[in-house]
Every structure is written in C-alpha cells, then in structure tokens.
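Structural description and commentary
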Amino acid sequence: MERNTPVFRPDTCAEYMKAPCGRLLVRIVLKDLQQEKQFATLKQYQPSLKQLLQEGCTVPKTTIYINPKFNKS
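Residues numbered from 1 in each chain as written. Predicted model: local features only at pLDDT ≥ 70, side-chain atom pairs only at ≥ 80, totals over all residues. Heavy atoms only, no water.

Comments concerning the overall build of the protein
Summing up its helical and strand segments, the protein has 3 helices and 0 strands in all. When its helices and strands are written in sequence order, the protein yields α-α-α. In terms of overall size, the protein is more extended than a compact globule, its C-alpha atoms giving a radius of gyration of 20 Å where 73 residues would be expected to give roughly 11 Å. With the C-alpha coordinates aligned to their principal axes, the bounding extent of the protein is approximately 60 × 30 × 15 Å. Per element, the accessible surface of the protein, about 6,600 Å² overall, is 57% carbon and sulfur. (Helix = DSSP H or I, 4+ residues; strand = E, 2+ residues; numbered from the N terminus. Rg over C-alpha atoms; globule rule 2.2 N^0.38 Å. Areas by Shrake-Rupley, 256 points an atom, 1.4 Å probe, with all protein chains shown as cover.)

The structure is reproduced here in structure tokens:
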C-alpha cells in the first residue's frame, strides 16, 4: 500500500498475481486504495493455464548430499 499510495504502480503487484491468495490480497489492497478498476490492468501479470500446468507438472530435480564427516553415535 505504501508504494502505491501517491501513484498506482502495477509492477509492485506482479509477484502477487501468480497465486490465488496473492490475487485476493491485491483485490483487498486495491479496495483500500479506492482503485478497484486497476485490477483489470493487473490481469496481464496472471500466468495462463498453460504456464501453470507446465510449471506444476514438471518433476523438480532432487539432489542428495551425504556428509562424509557425519558421526552416527
């Protein structure tokens, strides 16, 4: 809210638009700032369904580190 008080900056909300809970938070902040119509301009930062499926359906690489100095006592 502090960064958007004098002038609305859409780039400050971009990271919040990636998750449903973040979008809800953005709506609440815009309502507090009386700029609810700005949510339409923020839709461009919301990832598409295709992007969400690509990110969510990939298996992350797992790396296992075994500490050679580990003492099991």
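Focus on the pattern of salt bridges
What the rule picks out here adds up to 1 salt bridge. The partner of Arg9 in a salt bridge is Asp11, with the nearest N and O atoms 3.6 Å apart. (Salt bridge = Lys/Arg side-chain N within 4 Å of Asp/Glu carboxyl O.)

A short note on the nonpolar core
Counting residues in each nonpolar core, the largest one holds 7 residues, listed as Phe8, Cys13, Met17, Val26, Leu30, Phe39 and Leu42. Elements supplying a minimum of two residues to this core: α1 (20-32) and α2 (39-42). With near-sequence residues (within four places) excluded, Met17 lies in contact with Arg23, Val26, Phe39, Leu42, Lys43, Tyr45, Gln46 and Pro47. (Core = buried A, V, L, I, M, F, W, Y, C linked by side-chain atoms within 4.5 Å. Buried < 20%, exposed > 50% of the residue type's maximum accessible area, 1.4 Å probe, protein only. Contact = heavy atoms within 4.5 Å.)

Focus: unusual backbone geometry
The phi dihedral of Gln34 is positive, around 55°, even though this residue is not glycine. Here Gln34 shows up in the loop between α1 and α2. Its relative accessible area of 67% is what places Gln34 among the exposed residues.

As for the environment of Leu33
Turning to its location among the elements, Leu33 is positioned in the loop between α1 and α2. Here Leu33 falls in the buried class, since its relative accessible area comes to 14%. Considered as a pair, Leu33 and Cys21 are 12 residues apart in the sequence and their alpha carbons are 19 Å apart. In this structure Leu33 touches Met1, Asn4 and Thr5, once residues within four positions along its chain are discounted.

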